[in-house]
Amino acid sequence: MFRRILPILLIPLFSVLVCLSVSDQSTVTAAQETAAWQTAPGPTGGSVAAVAVSPDFTADQTAFAAVRGRGVQRSEDGGFKWLPAGPDGWYVNDLVLSPDFANDEKLFVAAGLPTTTTSVQRSSDGGRTWQAATFAAPVIDGRTLVISPAFASDQTLYLVTGGVPQVSVDGGATFAAAEGWLSTQAVKALALASDQVLFAATSGPGEGIYRSLNGGTDWVLVRGGSFTAVAASPAYAADSIVLALDSSGQLHRSANGGTSWSTPTLTVSSGGTETIAFSPTFASDKVVLAAGSLDGGPYISVDGGLTWSKSGWYDPADTLNNGLIGGAVFDLAPAPNQDFSGVLL
């Protein structure tokens, strides 16, 4: 039988995406010719919380991984060899790269146990040296970092916490509690689109997906319910696509900036970590991935989130034992400019 195989990982020759699983064998890759996930040699020393690839990955083959208790590690060969990029001992929860990383080499990490003070560390030289951000008041339970697509010009970065989100408008040097409506909400996820458009998933009274069209000053509810993840298309200015996962794992999709929604036939596992990851070159390849950490692997769509299929899940009937075997997916990082047209096997 013929089947279509899609590259989704971070490997020279078949580069595409890195998928994080629990255990010291943290990064796994899927080669184009097998659609099978394979363990990459590192990083080691702890479970991996997050991974990020350079926007210029095709040229520089650079990726970063956040290792709980071991700080940040960097690969410059597409994910085969990993070396420390910063002090050992940081309990890193998330990391993000500047959209202009190829030029500014800026990256940021959020570190700290849920019950201890959170720190945000920033580097302007690709992880060789780091500086701690200053907070207006101590913050605990820092969870995720969300960087503006227009960071090169607006210098905006958010830290989603267990309480009020923190925002920096000076490139991550200083953070302060968000003001206005955001200061009154329990924000579970945040997505920054283009042209001052933001989406927030909130919990508690009036929970749902909210949208701001003016940089966070005014907000309106666009989808009621309990949501755990929200993401905006990298080509949002042209396609207005937004995806969200609710607390049951059901995917919700809008192609008009949240005005109306549909529910494609995708439900990821609930109760763990839910992830949505657009291809950086979504405008041309229409690839997006989603995963729940209690599933057997990620799902992939090649038509902008309309239809979905499993990506490299382990198949016991496969005599070659291909597939992602025994690992919870905590993060997904598609590399840009990949050939997602696939091959026939």
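A brief look at the structure comes next. All of these numbers come straight from a predicted model, not from anything done at the bench.

Thresholds, definitions, all that
- Residues numbered from 1 in each chain as written.
- Predicted model: local features only at pLDDT ≥ 70, side-chain atom pairs only at ≥ 80, totals over all residues.
- Heavy atoms only, no water.
- Helix = DSSP H or I, 4+ residues; strand = E, 2+ residues; numbered from the N terminus.
- Buried < 20%, exposed > 50% of the residue type's maximum accessible area, 1.4 Å probe, protein only.
- Contact = heavy atoms within 4.5 Å.
- Areas by Shrake-Rupley, 256 points an atom, 1.4 Å probe, with all protein chains shown as cover.
- Pairing = 2+ DSSP bridges.
- Axes fitted to C-alpha atoms, helices over the stretch in contact; angles between N-to-C directions.
- Salt bridge = Lys/Arg side-chain N within 4 Å of Asp/Glu carboxyl O.
- Phe/Tyr/Trp six-rings, centres within 6.5 Å; stacked < 30°, edge-to-face > 60°.

1. A short note on the overall build of the protein
A count of helices and strands for the protein gives 5 helices and 30 strands. Every one of the 345 residues in the protein was classed for burial, and the buried ones make up 57%. For the protein, the share of sequence-separated contacts (at least 6 apart) that also reach a separation of at least 24 residues comes to 41%. As displayed, the protein has an accessible area near 13700 Å², and 53% of this comes from carbon and sulfur atoms.

2. Overview of the environment of Ser-262
When you line up the elements, Ser-262 lands in the loop between strand 24 (251-254) and strand 25 (274-278). The spatial distance from the C-alpha of Ser-262 to the C-alpha of Leu-251 is 8.6 Å, given a sequence separation of 11 residues. Those residues in contact with Ser-262 that lie beyond four places of it in its chain are Leu-251, His-252 and Arg-253.

3. Brief notes about the sheet that holds strand 23 (residues 242-246)
Strand pairing within a sheet occurs via backbone hydrogen bonds; the two strands may be parallel or antiparallel. What the 3 strands build is an open sheet, ordered 22-23-24; its pairing is antiparallel. Edge strands, defined here as strands with exactly one partner in the open sheet, are strand 22 (227-232) and strand 24. Across this sheet, the average inter-strand angle for adjacent strands is 15 degrees, counted without regard to direction. Where strand 22 and strand 23 come together, 5 bridges link them in antiparallel fashion. Pairing of Phe-227 across the sheet is with Asp-246, part of strand 23.

4. Description of the pairing of strand 18 (residues 186-192)
Of all 7 residues in strand 18, 5 are buried; the element is thus mostly enclosed. Here strand 18 runs beside strand 19 (residues 198-203); their pairing, made up of 6 bridges, is antiparallel. Considered in strand 19, the bridge of Leu-190 is made with Ala-200. From the end of strand 18 to the start of strand 19, which pair antiparallel, there are 5 residues, and Asp-195 there has a positive phi angle of about 55 degrees.

5. Brief notes about the sheet that holds strand 17 (residues 174-177)
The sheet built from 5 strands is open, its strands ordered 13-17-16-15-14 with mixed pairing. Single-partner strands in this sheet number two, and they are strand 13 (134-135) and strand 14 (142-147). Two elements, strand 14 and strand 15 (residues 157-161), share 5 bridges in a ladder whose sense is antiparallel. Following the sheet pairing, Val-146 is matched in strand 15 by Tyr-158.

6. Section: the pattern of salt bridges
According to the stated counting rule, one finds 4 salt bridges in the structure shown. Its salt-bridge partner being Arg-143, residue Asp-141 comes within 2.7 Å of it at the nearest N-O pair. Arg-143 gets classed as partly exposed once you look at its relative accessible area, which sits at 41%.

7. Structural notes on unusual backbone geometry
Unlike most non-glycine residues, Gln-196 shows phi in positive territory, near 70 degrees. Its location among the elements puts Gln-196 in the loop between strand 18 and strand 19. One non-glycine residue, Lys-286, lies in the positive phi region at around 60 degrees. Here Lys-286 lies in the loop between helix 5 (282-285) and strand 26 (288-292).

8. Description of the packing of aromatic side chains
Summed over all chains, the structure comprises 9 aromatic pairs. Considering the side-chain rings of Phe-135 and Phe-175, the 5.1 Å spacing of their centres and the 15 degrees angle between planes classify their relative orientation as stacked. Of this pair, Phe-135 sits in strand 13 while Phe-175 sits in strand 17, and the two are 40 residues apart along the sequence. In this structure Phe-135 comes out as buried when scored by relative accessible area, which is 17%. You can call Phe-175 buried: its relative accessible area is 3%.

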